[in-house]
Amino acid sequence: MDDMIRLQQVHKQFGKGKQLVTAVKEADLAIRRGEAFGLVGESGSGKSTIGKMLIGLESPTAGAITYLDRPLWDKGQYRSPRPGEIQIVFQDPQSSLDPRMTVKDIIVEPLHALPSAERKEKGTQARLVSLLRRVGLKEEHLSRHPHEFSGGQRQRIAIARALITDPSFLVLDEPTSALDVSVQAQVLNLLKELQKERNLTYLFISHNMAVIRYMCDRVAVMYKGHIVEVGPARPMFREPDHPYTRILLSSLPSVYEPSVPAGGFAEPAADGGANACSFYSRCPSRQNACLQAPAFAEKETGWSSACHFRGGRAHV
Ligand SMILES: Nc1ncnc2c1ncn2[C@@H]1O[C@H](COP(=O)(O)OP(=O)(O)O)[C@@H](O)[C@H]1O
Ligand SMILES: [Mg+2]
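Residues numbered from 1 in each chain as written. Chains lettered and ligands numbered in written order. Predicted model: local features only at pLDDT ≥ 70, side-chain atom pairs only at ≥ 80, totals over all residues.

**Q** Looking at this structure, how should I read the overall build of the protein chain?
**A** Scanning the protein chain for helices and strands turns up ten helices and 14 strands. Here the C-alpha radius of gyration of the protein chain, 21 Å, is about what a compact globule of 316 residues would show, namely 20 Å. Along the first, second and third principal axes, the C-alpha set of the protein chain runs to 65 × 45 × 40 Å. Burial status across the protein chain gives 41% buried among its 316 residues. Restricting to contacts in the protein chain with at least 6 residues of sequence separation, those with at least 24 account for 60%. (Helix = DSSP H or I, 4+ residues; strand = E, 2+ residues; numbered from the N terminus. Rg over C-alpha atoms; globule rule 2.2 N^0.38 Å. Buried ≥ 20, exposed ≤ 12 C-beta atoms within 10 Å, placed from the backbone. Contact = placed C-beta atoms within 7 Å.)

Have a look at this one:
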């Protein structure tokens, strides 16, 4: 399978001096065409920042991001492959949908970035109605406003807005995290069906391992700006390599029977200093060797993690 998006040593900092926050550290990733690639990790680990760099809302401080081998960022400028090619659905449809706009205006808004002929062709009433129906809404909803809908319906509106330009790639940033569990499942199923029907590639961001397991083909696990493990979802969920992945998975006891105990977070220790592993201060398996950060190492082709004791065995 070919790569659609590649990140090479991508770094993102916010602020300056004492306020400096490094949100993403030396991230290497490849997202393949047609897959649902998951990004998981606790709040603040840098997931949304990666998503925002892909759609042009944040620029990388260093490193390279390519889309079909062409730079997405070039000298601080975002180079969209084609307007509307990459679209996003955010977590909270309450704040991502303008309350003053009608559903119709919300959905057609991304078309404004398109050349006029294409804008007309993609914005016909017939096309709008069929898209609206496809996401589970009705024609008469077009003239209504976001507050007249439930959370799940609002997220369906956000999905229609993302699809109106016929994108190839969608960033889904916690798209169901604000929804009730029963509604979550419906929206996830809709996203799965749409992916198949439209040959979409997904970057699916969530802090929820169960949702990631349901949706994704491959997964990257982030901890404090670092990618600590990347691999194929099913085997990785069966036998995670990195202690942090094991801890995240221990919230899913029904499927996860660890060959190596997850343990849970260790009592926070003073961090091990600038050279230490990023997970040092909370790792249940930390040892002196971890004061020197581990390199990323392959467990098997396409599956890597950064831990001296990955898979519960010493690699130092
Ligand atoms: N615009 C911003 N300005 C300053 N800090 C930010 C900004 N956006 C994100 N951050 C910080 O970057 C880190 C990663 O944030 P984020 O990517 O939103 O994490 P996640 O999506 O995994 O919860 C956090 O420490 C967050 O506070
Ligand atoms: Mg986020």
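**Q** Can you help me understand the sheet that holds strand β13 (residues 297–300) in this one?
**A** Backbone hydrogen bonds hold the strands of a sheet together, and the pairing may be parallel or antiparallel. Here we have eight strands laid out as an open sheet, ordered β8-β9-β10-β3-β11-β12-β14-β13, and mixed in their pairing. With partners counted over all chains shown, the strands left at the sheet margins are β8 (86–89) and β13, one partner each. Taking the axes of each pair of neighbouring strands and ignoring which way they run, one obtains an average angle of 20° across the sheet. Bridge count for strand β12 (residues 226–232) against strand β14 (residues 303–305) is two bridges, and the pairing is antiparallel. Opposite E229, over in β14, you have S305 as the bridge partner. Relative to β8, helix α6 (residues 151–163) is tilted by about 175°, and along the sheet it contacts β8 and β9 (169–173). (Pairing = 2+ DSSP bridges. Axes fitted to C-alpha atoms, helices over the stretch in contact; angles between N-to-C directions.)

**Q** I keep staring at the site of ligand 1 and nothing clicks. Help me out?
**A** Every residue lining ligand 1 is accounted for by F14, G15, V21, A23, G41, S43, G44, S45, G46, K47, S48 and T49. Looking at the shell around ligand 1, the elements with two or more residues in it are β2 (21–32) and α1 (47–55). Considering every element that reaches the shell around ligand 1, the biggest residue donor is α1, with three residues. Of the residues that constitute the shell around ligand 1, the class distribution is three nonpolar, eight polar and one charged. (Near = placed C-beta within 6 Å. Nonpolar A, V, L, I, M, F, W, Y, C, P; charged D, E, K, R; others polar.)

**Q** Can you help me understand the nonpolar core in this one?
**A** Nonpolar side chains tend to gather and get buried jointly when the protein is soluble and globular. In this structure, L172, L203, F204 and V221 are the most contacted members of the largest nonpolar core, which totals 78 residues. Among the elements that make up this core, the one with the highest residue count is α6 (six residues). Two domains share this core, each providing at least three of its residues, namely domain 1 (3–220) and domain 2 (240–312). Residues contacting L203, with those up to four places away along its chain left out, are I31, F37, L39, G51, L54, V171 and L172. (Core = buried A, V, L, I, M, F, W, Y, C linked by C-beta atoms within 7 Å. Domains from an automatic or database assignment.)

**Q** Sorry, what's going on with the domain arrangement of the protein chain here?
**A** You'll often see interface size given as the accessible area lost when the parts meet. Its domain assignment divides the protein chain into domain 1 (3–220) and domain 2 (240–312). The distance between the C-alpha centroids of domain 1 and domain 2 comes to 30 Å.

**Q** Before we go on, may I ask you to explain α1 in this structure?
**A** Note on helix geometry: an α-helix contains 3.6 residues per turn, so any two residues three or four positions apart are oriented the same way. With seven of nine residues buried, α1 lies mostly within the body of the structure. Turning to α1, its buried residues are K47, S48, T49, I50, G51, M53 and L54. Of the residues trailing α1, G56 is marked for its positive phi of about 95°.

**Q** So what exactly am I meant to see when it comes to the environment of S150 here?
**A** Positionally, S150 belongs in the loop between α5 (125–134) and α6. Take S150: there are 12 C-beta atoms within 10 Å of it, and that puts it in the exposed class. Between the C-alpha atom of S150 and that of S43, which follows or precedes it by 107 residues, the distance is 25 Å.

**Q** Is there a simple way to explain the pairing of β8 in this structure?
**A** In regular strands, side chains alternate between the two faces of the sheet. Of the two faces of β8, the one lined by I86 and I88 and the one lined by Q87 and V89 are each fully buried. With four bridges connecting them, β8 and β9 associate as parallel partners. Across the sheet, residue Q87 finds its bridge partner in β9, namely L170.

**Q** Explain the sheet that holds β2 here, please?
**A** Taken in spatial order, the four strands line up as β2-β1-β4-β5 in an open sheet, and their pairing is antiparallel. Sheet topology places β2 and β5 (70–71) at the edges, where each strand pairs with a single neighbour. With eight bridges connecting them, strand β1 (residues 3–14) and β2 associate as antiparallel partners. Paired with I5 across the strands is I31, a residue of β2. Seen against the sheet, α1 touches β1, β2 and β4 (62–67) and runs at an angle of roughly 65° to β2.

**Q** What am I meant to see in the environment of A293 here?
**A** Topologically, A293 is positioned in the loop between α10 (243–249) and β13. Taking the C-alpha atoms as reference points, A293 and A274, separated by 19 residues in sequence, lie 8.9 Å from one another. Excluding its chain neighbours within four sequence positions, the residues that come into contact with A293 are N275, A276 and C277.

**Q** It is not clear to me how the pairing of strand β10 (residues 201–206) should be interpreted in this structure. Could you clarify?
**A** With five of its six residues buried, β10 lies for the most part within the structure. Pairing of strand β3 (residues 36–40) with β10 involves five bridges; the strand directions are parallel. Each residue of the ladder has a partner; that of F37, found in β10, is L203. With five bridges connecting them, β9 and β10 associate as parallel partners. Across the sheet, the residue bridging to V171 is L203, located in β10.

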